[in-house]
Amino acid sequence: MLLSAAGPAYASTRTGPREEKTLGARKVDRNGAKVPLSTPDRRRVPTVDTHTHFMPASALGPAMAGERWHGIQFGRNARGKITSSVGGISQEIPWPTPIEGPDARVSSMDERRVDVHLVSISPTMYWYGLDGPDGCSLARASNDDLAEMVARRPDRFVGLGYLPLQDPAGSVAELERCVRDLAMPGVMIGTNVNGEDWDSPRLFPVLQAAEQLGAVLYFHPARGRADAWLTRYHLANLIGNPLETAAALATLIFGGVFDRLSSLKTCFAHAGGYGVLGIGRMDHGHEVRPESSVIAKFPSDDLKACWFGTHNERALRYLVDTVGAGRVVPGRDCPADKGEPGPIDRIESCDGLSAAEETAVLGSIAVSRFGLERFVEAEGAAPFSAVA
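Participant: Outline the overall build of the protein chain, listing residues and values.
Facilitator: Along the backbone of the protein chain there are 14 helices and 14 strands. Across the 388 residues of the protein chain, 56% fall into the buried class. Within the protein chain, contacts between residues separated by at least 24 positions form 73% of all contacts whose residues are at least 6 apart in sequence. For the protein chain, the accessible area works out to roughly 15800 Å², and carbon and sulfur atoms hold 54% of it.

Right under this line is the structure:
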């Protein structure tokens, strides 16, 4: 969603593109030894934020005017925030207004030293309950607008498409269009589809098509099933979103999806929710409970085949320790009000990351996993390296 920067103002003295750091050693590795922030002989790898959203250009007018757009009714809530509603269910779009355009987004990226944004439609507009024609037209309009945004600044933006998952056949067709015609490396999808988990046979063709196309499926909470009882203190987001992501990850693992689709590329927002934190409990359940023993491998083995987006320093340290830096990518959740105002600073200030791990998390892993090699500057002989 193209919104102005969320959260408190981020102070930065930098106004141009990210500068390569070649000197200094302010951090220590896990053995207490000082490590350099970077090495002067490596290739300049871009900083990549994999978790950002936008408002489709064709939806902007209806959203600001409170009108309908492909079956979605826009409005305003008591806080003055834009809302997206279908069938009596309403979702707040937690962005500042007026909603920023691509040029303002680039300025915001420069202030935060982010070179590339992977952009997708807001999950508050994932309306899998729309009737077939509206659902498919919403997906096409959103993806076409996203492709136009990327074409305007191909040096800064990469698109992740939207699928009408209430229609698996239509989703496969739209996924093929996103990858083949619109040159998108993948799509961002909800953690459930109208209450249906991702081990459902009905959704398997979408997963299978993604593997065949080499497309990344980036899982993001949407229509959380705990929303009905997590009604206070913003807990539907604070607790419900990590719960949704953990449920999606767990059902893919225990449903044997990774066994059947060993080359499937998946990424999970918000550090995998409680899924990574609770992986030891899943492994124990696999050992002692018959319901959890239907897969041959331990859940933690499948965990290391996934990628995880994070913007939280403590979560970053835990993720690197658990799955390795080669499975972690930055994800600020821009421009939501809870988005991290200084994502690059957070990564650079994370104690214990080696220089190679820091380079991996800042961008080299996202470059390799999302096919962003065109953003890597050619100066210097050493290629960027993935860290296991």
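Participant: Describe in detail the packing of aromatic side chains, supporting the description with residues and values.
Facilitator: Applying the stated criterion across every chain yields a total of 8 aromatic pairs. Where Trp-198 meets Phe-219, the ring centres are 5.6 Å apart and the plane angle is 90°; that geometry is what we call edge-to-face. Taken as a pair, Trp-198 in the loop between strand S10 (186–190) and helix H5 (204–213) and Phe-219 in strand S11 (residues 216–220) lie far apart in primary sequence, 21 residues in all. Overall, the relative accessible area of 0% leaves Trp-198 in the buried class. Given the relative accessible area of 0%, Phe-219 is considered buried. Each member of the aromatic cluster is reached from another via a ring pair, and the members are Trp-198, Phe-219, Phe-268 and Phe-308. Positioned over the ring face of Trp-127 is Arg-223, at 3.7 Å from the centre of the ring.

Participant: Pulling in residues and values, what's your account of the sheet that holds strand S4 (residues 68–69)?
Facilitator: With antiparallel pairing, 4 strands are arranged side by side in an open sheet as S4-S5-S6-S7. Two strands bound the open sheet, and with one partner strand each, they are S4 and strand S7 (89–92). Relative to strand S5 (residues 72–76), S4 is paired through 2 bridges, and the arrangement is antiparallel. Bridged to Arg-68 within S5 is Gln-73.

Participant: I'd love a proper account of the sheet that holds S11, names of residues and values included.
Facilitator: As summarised here, the arrangement of the 8 strands in space is S3-S8-S9-S10-S11-S12-S13-S14, forming an open sheet in which the pairing is parallel. Across the chains shown, the open sheet's two edge strands, defined by having one partner strand only, are strand S3 (48–54) and strand S14 (328–330). Going from strand to strand, the sheet's axes swing by 30° on average, the running direction of each strand aside. Pairing of strand S8 (residues 116–121) with strand S9 (residues 157–161) involves 3 bridges; the strand directions are parallel. Paired with Leu-118 across the strands is Val-158, a residue of S9. The strands touched by helix H7 (residues 240–254) within the sheet are S11, strand S12 (265–268) and strand S13 (307–310), with S12 carrying the most contacts at an inclination of about 155°. Helix H14 (residues 355–369) rests against S3, S11, S12, S13 and S14 of the sheet, and its axis sits at about 105° to S14.

Participant: Can you explain unusual backbone geometry? Please cite residues and give values.
Facilitator: Apart from glycine, the bulk of residues carry a negative phi angle, and the bulk of peptide bonds sit in the trans form. With a phi angle near 60°, Tyr-233 is a residue other than glycine that sits in the positive phi range. Looking at the element boundaries, Tyr-233 is found in the loop between S11 and helix H6 (235–238). Owing to a relative accessible area of 60%, Tyr-233 belongs among the exposed residues under this scheme. Even without being a glycine, His-270 presents a positive backbone phi close to 55°. Inspection of the secondary structure puts His-270 in the loop between S12 and helix H9 (274–277).

Participant: Which residues make up the pattern of salt bridges, and what values go with them?
Facilitator: Per the stated rule, a full pass over the model turns up 19 salt bridges. With its nearest N and O atoms 3.9 Å apart, the salt bridge here joins Glu-174 to Arg-140. Note that Glu-174 is positioned in helix H4 (residues 168–181) and Arg-140 in helix H3 (residues 132–152), a separation of 34 residues in sequence. We classify Glu-174 as buried; its relative accessible area is 5%.

Participant: Describe the pairing of S3, naming the residues involved and giving the relevant values.
Facilitator: Most of S3 is tucked away: 7 of the 7 residues are buried. Bridging between S3 and S8 involves 5 bridges; their strand directions are parallel. Following the sheet pairing, Val-48 is matched in S8 by Val-116.

Participant: Summarise the nonpolar core; cite the residues concerned and give the values.
Facilitator: Within the largest apolar cluster, 104 residues are counted, with the highest numbers of intra-cluster contacts made by Phe-74, Met-125, Leu-175, Ile-189, Trp-198, Leu-207 and Phe-308. With sequence-adjacent residues up to four places away left out, Met-125 is seen in contact with Met-55, Pro-56, Ala-59, Trp-69, Ile-72, Phe-74, Ser-84, Ile-93, Leu-138, Tyr-162 and Arg-223.

Participant: I'd like to hear about the confidence of the model for the protein chain, residue by residue, with values.
Facilitator: Here the protein chain averages 84 in pLDDT, while 84% of its residues score no lower than 70. For the stretch residues 1–42, pLDDT sits under 50, and the model shows 120 contacts to residues farther than four places along the chain or on other chains. For the stretch residues 379–388, pLDDT sits under 50, and the model shows 29 contacts to residues farther than four places along the chain or on other chains.

The rules behind these values
Residues numbered from 1 in each chain as written. Predicted model: local features only at pLDDT ≥ 70, side-chain atom pairs only at ≥ 80, totals over all residues. Heavy atoms only, no water. Helix = DSSP H or I, 4+ residues; strand = E, 2+ residues; numbered from the N terminus. Buried < 20%, exposed > 50% of the residue type's maximum accessible area, 1.4 Å probe, protein only. Contact = heavy atoms within 4.5 Å. Areas by Shrake-Rupley, 256 points an atom, 1.4 Å probe, with all protein chains shown as cover. Phe/Tyr/Trp six-rings, centres within 6.5 Å; stacked < 30°, edge-to-face > 60°. Lys NZ or Arg CZ within 6 Å of the ring centre and 35° of its normal. Pairing = 2+ DSSP bridges. Axes fitted to C-alpha atoms, helices over the stretch in contact; angles between N-to-C directions. Salt bridge = Lys/Arg side-chain N within 4 Å of Asp/Glu carboxyl O. Core = buried A, V, L, I, M, F, W, Y, C linked by side-chain atoms within 4.5 Å. pLDDT = per-residue confidence, 0-100.

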